[in-house]
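Now for the letters of each chain:
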Amino acid sequence: MAAPRTANSCRGIVRHRKFLANSVSASKGQQHTSHEFGVRSGMYCESMSDMNGDVDAVLLTALDLEYSAIRAHLINIRTQVHPIGTHFETGTVPGTSTRVAIAAAGEGNRAAAVLVERANALFRPNIALFIGIAGALHTDIELGDVVVATRVYGYHGGKAEPGEFLTRPRAWDSPHELLQHARYLSRTRWWCHFSPHPADHPPYSIHFRPIAAGDVVLDTPTGPLVDLIRRHYNDVAAIEMESAGAAEAAHLNGPLPLLTIRGISDRADGQKEVTDASGSQQLASAHAAEFALALLTRFGNAGQPGKPKQPPASDRISIGVGGDISGQLVIGTGNQVTWSRPPPDRPET
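Residues numbered from 1 in each chain as written. Predicted model: local features only at pLDDT ≥ 70, side-chain atom pairs only at ≥ 80, totals over all residues. Heavy atoms only, no water.

## Thoughts on the environment of Arg-170
Here's step 1: Looking at the secondary structure, you find Arg-170 in strand 13 (residues 170-173).
Here's step 2: Assessed through its relative accessible area of 42%, Arg-170 is described here as partly exposed.
Here's step 3: Residues Arg-170 and Tyr-153, spaced 17 residues apart in sequence, show a C-alpha to C-alpha distance of 5.8 Å.
Here's step 4: Here the side chain of Arg-170 touches Glu-248 through a polar contact of 3.1 Å, side chain to side chain. (Helix = DSSP H or I, 4+ residues; strand = E, 2+ residues; numbered from the N terminus. Buried < 20%, exposed > 50% of the residue type's maximum accessible area, 1.4 Å probe, protein only. Polar contact = N/O pair within 3.5 Å; in protein donor to acceptor, adjacent residues only side chain to side chain.)

## Focus on the pattern of salt bridges
Here's step 1: What the rule picks out here adds up to 12 salt bridges.
Here's step 2: For Arg-151, the salt bridge goes to Asp-173, with nearest N and O atoms at 2.7 Å. Here Asp-173 lies in strand 13 and Arg-151 lies in strand 10 (residues 146-154), a separation of 22 residues in the sequence.
Here's step 3: The class for Asp-173 is exposed, based on a relative accessible area of 53%.
Here's step 4: Measuring nitrogen to oxygen at the nearest pair gives 3.3 Å for the salt bridge that ties Glu-161 to Lys-159.
Here's step 5: In this structure Glu-161 comes out as partly exposed when scored by relative accessible area, which is 28%.
Here's step 6: Via salt bridges that share partners, Arg-151, Asp-173 and Asp-235 belong to a single interconnected network. (Salt bridge = Lys/Arg side-chain N within 4 Å of Asp/Glu carboxyl O.)

## Brief notes about helix 3 (residues 176-186)
Side chains that are three or four residues apart share a direction in an α-helix, a result of its 3.6 residues per turn.
Here's step 1: All buried positions along helix 3 are accounted for by Leu-178, Leu-179, His-181, Ala-182 and Leu-185. Taken end-on, helix 3 shows its buried residues confined to a sector of 160°, consistent with a single buried face. (Arc of directions from axis to C-beta.)

## With respect to the nonpolar core
Here's step 1: Leu-59, Val-148, Leu-259, Ile-261 and Leu-296 are the most contacted members of the largest nonpolar core, which totals 34 residues.
Here's step 2: When residues in this core are grouped by element, the largest group, nine residues, is from helix 7 (residues 280-302).
Here's step 3: When near neighbours in sequence (up to four residues on either side) are disregarded, Leu-59 contacts Ile-70, Val-100, Ala-101, Ile-102, Ala-103, Leu-129, Ile-131, Leu-293 and Leu-296.
Here's step 4: Counting 19 residues, the second-largest nonpolar core is a separate cluster that includes Leu-60, Ala-101, Ala-128 and Leu-258. (Core = buried A, V, L, I, M, F, W, Y, C linked by side-chain atoms within 4.5 Å. Contact = heavy atoms within 4.5 Å.)

## Thoughts on the packing of aromatic side chains
Each aromatic ring pair is summarised here by two numbers: the centre-to-centre distance and the angle between the ring planes.
Here's step 1: Enumeration over the complete set of coordinates arrives at five aromatic pairs.
Here's step 2: Measuring from centroid to centroid gives 6.2 Å for Trp-190 and Trp-191, while their planes differ by 90°, and the two rings are edge-to-face. One exposure class covers both Trp-190 and Trp-191, and it is buried.
Here's step 3: Members of the aromatic cluster, each reached through a chain of ring pairs, are Trp-190, Trp-191, Tyr-204 and Phe-291. (Phe/Tyr/Trp six-rings, centres within 6.5 Å; stacked < 30°, edge-to-face > 60°.)

## Observations concerning the side chain of Asp-145
Here's step 1: Mapped onto the secondary structure, Asp-145 falls in the loop between strand 9 (127-136) and strand 10.
Here's step 2: Buried Asp-145, no salt bridge; nearest opposite-charge side chain is Arg-267, N-O distance 7.3 Å.
Here's step 3: From its side chain, Asp-145 meets the backbone nitrogen of Glu-142 in a polar contact 3.0 Å long.
Here's step 4: Looking at Asp-145, its side chain comes within polar contact range of the main-chain nitrogen of Ser-205, at 3.1 Å. (Lys, Arg positive; Asp, Glu negative; His and termini not counted.)

## Some points on the environment of His-138
Here's step 1: Counting through the fold element by element, His-138 comes out in the loop between strand 9 and strand 10.
Here's step 2: Not counting chain neighbours up to four residues away, the residues in contact with His-138 comprise Arg-209, Asn-234, Asp-235, Val-236, Ala-237 and Arg-267.
Here's step 3: A distance of 2.9 Å separates the side chain of His-138 from the backbone oxygen of Val-236, its partner in a polar contact.

## Thoughts on unusual backbone geometry
Here's step 1: The step from Gly-254 to Pro-255 runs through a cis peptide bond, and the omega angle for that step is 5°.
Here's step 2: With respect to the helices and strands, Pro-255 occurs in the loop between helix 5 (243-251) and strand 16 (258-266).
Here's step 3: Positive phi, normally seen in glycine, also occurs at Asn-76, with a value near 55°.
Here's step 4: In this structure Asn-76 comes out as exposed when scored by relative accessible area, which is 52%.

Given below as structure tokens:
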């Protein structure tokens with residue numbers, strides 16, 4: 001986990017920050033030379049170690065109401081902008097030193113995949129959580145309950161032949177260690193961390209089951225899509241529109257451990273408009289956010305799973321100067337700049 005740190009005053013957002021690297025020495029005895037390097041960064045801060053915000057986890061959503069449910073619990077919130085223009089906010093989970101970044105992707109698997117890729121490149125987090133709402137497909141799941149995905153299905157793959165549709169599914173199992181933390185947490189009085197109802201029993205249930213993610217809003221109890229899911233994905237407990245893209249992007253990034261946490265806002269039964277009007281989306285968003293943040297609190301107290309942190313991609317620069325001095329400039333923590341050259345047996349470019 002990131003250690004507690006003093007706040008650095010950030011001086012504005014820039015697309016390119018220029019550093020003057022002095023006294024770069026060539027191994028062949030050339031004189032020290034000064035060069036100016038452009039570094040793409042989302043925020044200009046006094047401390048270079050603060051350029052990526054020391055973010056431990058990224059919390060991503062599709063809708064603004066899901067985003068707001070998470071943001072309401074964070075403290076020490078700052079804004080950070082990706083060079084392309086995507087806005088993130090970073091904040092601290094109360095009671096821990098855990099720093100998180102949050103962003104809303106908008107609806108759809110493609111948008112979710114892009115946001116996961118962008119967040120990973122900017123922050124190099126240890127874990128990612130995709131948090132939001134979903135429609136229930138099992139009758140034992142109540143409105144307001146939370147489903148933690150044990151597996152994510154991308155159900156739209158297939159081949160259409162005369163008279164039949166042959167499924168070609170994609171599936172991503174959730175990371176074992178993240179699931180273990182979540183399962184353990186669900187057996188404790190976890191709701192006392194963030195829920196406004198610190199009673200003897202949790203105000204809603206936590207389910208661990210597969211989730212399906214496609215590119216349509218399902219709001220009917222019958223039809224071809226319902227039949228396809230029932231026939232080929234009958235263990236699916238909830239359906240939504242982003243987790244397949246997020247899971248694919250996370251798989252391609254390291255992999256980046258990613259867990260989907262969804263609050264149930266409707267039953268995909270043709271009554272979605274009525275159910276949503278009752279405030280079910282806000283309730284489900286709040287419940288998913290509460291459990292997700294309680295999970296991060298557990299990480300803060302028990303040690304966080306995930307991959308080792310690496311310098312952001314924007315802090316690694318390969319350069320060549322005059323065809324003779326070449327190598328990689330790595331901007332590390334504590335304003336440390338190191339210079340490395342290729343091994344002697346590798347041709348220099």
